Amino acid sequence: MTRWHPLAATDDEFLQTARFRIVHIVNVSTDTDHVWNVLTAHDALVSWTPLITASEWTSSRPFGVGTTRTVTLGHGAAALRERFYRWDEGRRMTFTAESASRPGFRRFAEDITLEPTPDGTRLTWTFAVDSTPGFAPILALSLPLLRRVTRGWANALADTALADTALDDTALDERRGTTR
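All values derive from a computational prediction rather than experimental measurement. (Residues numbered from 1 in each chain as written. Predicted model: local features only at pLDDT ≥ 70, side-chain atom pairs only at ≥ 80, totals over all residues. Heavy atoms only, no water.)

**Q** Could you clarify how one ought to interpret the packing of helix α2 (residues 32–40) against helix α3 (residues 136–164) in this entry?
**A** A pair of packed helices can be characterised by two numbers: the angle between their axes and the separation between those axes. Running from N to C, α2 and α3 cross one another at 115°; their axes reach a closest spacing of 9 Å. Viewed along their axes, α2 and α3 adopt a mutual orientation that is roughly perpendicular. Here α2 runs over α3; the crossing is right-handed. In contact with H34, V35, V38 and L39 of α2, α3 contributes L157, T160, A161 and D164. Of the residues assigned to the contact of α2 with α3, the class counts are five nonpolar, two polar and one charged. (Axes fitted to C-alpha atoms, helices over the stretch in contact; angles between N-to-C directions. Helix = DSSP H or I, 4+ residues; strand = E, 2+ residues; numbered from the N terminus. Parallel < 35°, antiparallel > 145°, perpendicular 65-115°, else oblique. Left-handed = near helix turned anticlockwise from the far one by under 90°. Contact = heavy atoms within 4.5 Å. Nonpolar A, V, L, I, M, F, W, Y, C, P; charged D, E, K, R; others polar.)

Spelled out as structure tokens, the structure:
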């Protein structure tokens, strides 16, 4: 059985001031609806990044503030329980991790913003982390790798959203786990 380690709550100030902060901006050549559909699909994350091996929405649709999700990396190597404290449908989602399956994190949050542009969508994905004192040196040393990995996730999201533009509405509904 997994032992969960509670994390401190985060807020918008933390997203700006976290000791470890990574921001990726990716321009996607499709509209914000397609990108949002990929972000909120029942197979969100696992369908476009192999490092994330499970992603379970633990709240019922429709999603909104208070929605919860559990995300697992590397077939159980680590997991986070997330609670969304911002949900601006089609535009922005922000969560705080409430607990982690491994010790070392004190606070963890992500913020994803979608802005329409003349050519599609500007995706801004922010990762914010604070660690325990003993884990901070390890996190600092691994920051270049974490930047590369999370950049890969942002790019994979963009690629998946582009591929989804070719799908019809029924196929998109199947990805989201909804029916018409």
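**Q** Is there a simple way to think about the packing of aromatic side chains in this case?
**A** In this description, an aromatic ring pair is defined by two values, namely the gap between the centres and the angle between the planes. Going through the model one piece at a time under the given rule, you end up with 13 aromatic pairs. Aromatic side chains F63 and W87 sit 5.7 Å apart centroid to centroid with 75° between the ring planes, which places their arrangement in the edge-to-face category. Remark: W87 occurs in strand β5 (residues 78–88) and F63 occurs in the loop between β3 (52–57) and β4 (68–73); sequence separation between them is 24 residues. Residue W87 is classed as buried on the basis of its relative accessible area of 9%. Here the aromatic cluster, defined as three or more aromatic residues joined through ring pairs, consists of W36, W57, F63, F84, W87, F95, F105, F108 and F135. (Phe/Tyr/Trp six-rings, centres within 6.5 Å; stacked < 30°, edge-to-face > 60°. Buried < 20%, exposed > 50% of the residue type's maximum accessible area, 1.4 Å probe, protein only.)

**Q** Would you mind showing me how to read α2 here?
**A** Residues three or four positions apart in an α-helix share a direction because the helix packs 3.6 residues into each turn. Of all nine residues making up α2, eight are buried, and the element is well covered by its neighbours. Inspection of α2 places T32, H34, V35, W36, N37, V38, L39 and T40 among the buried residues, and these make up the whole buried set.

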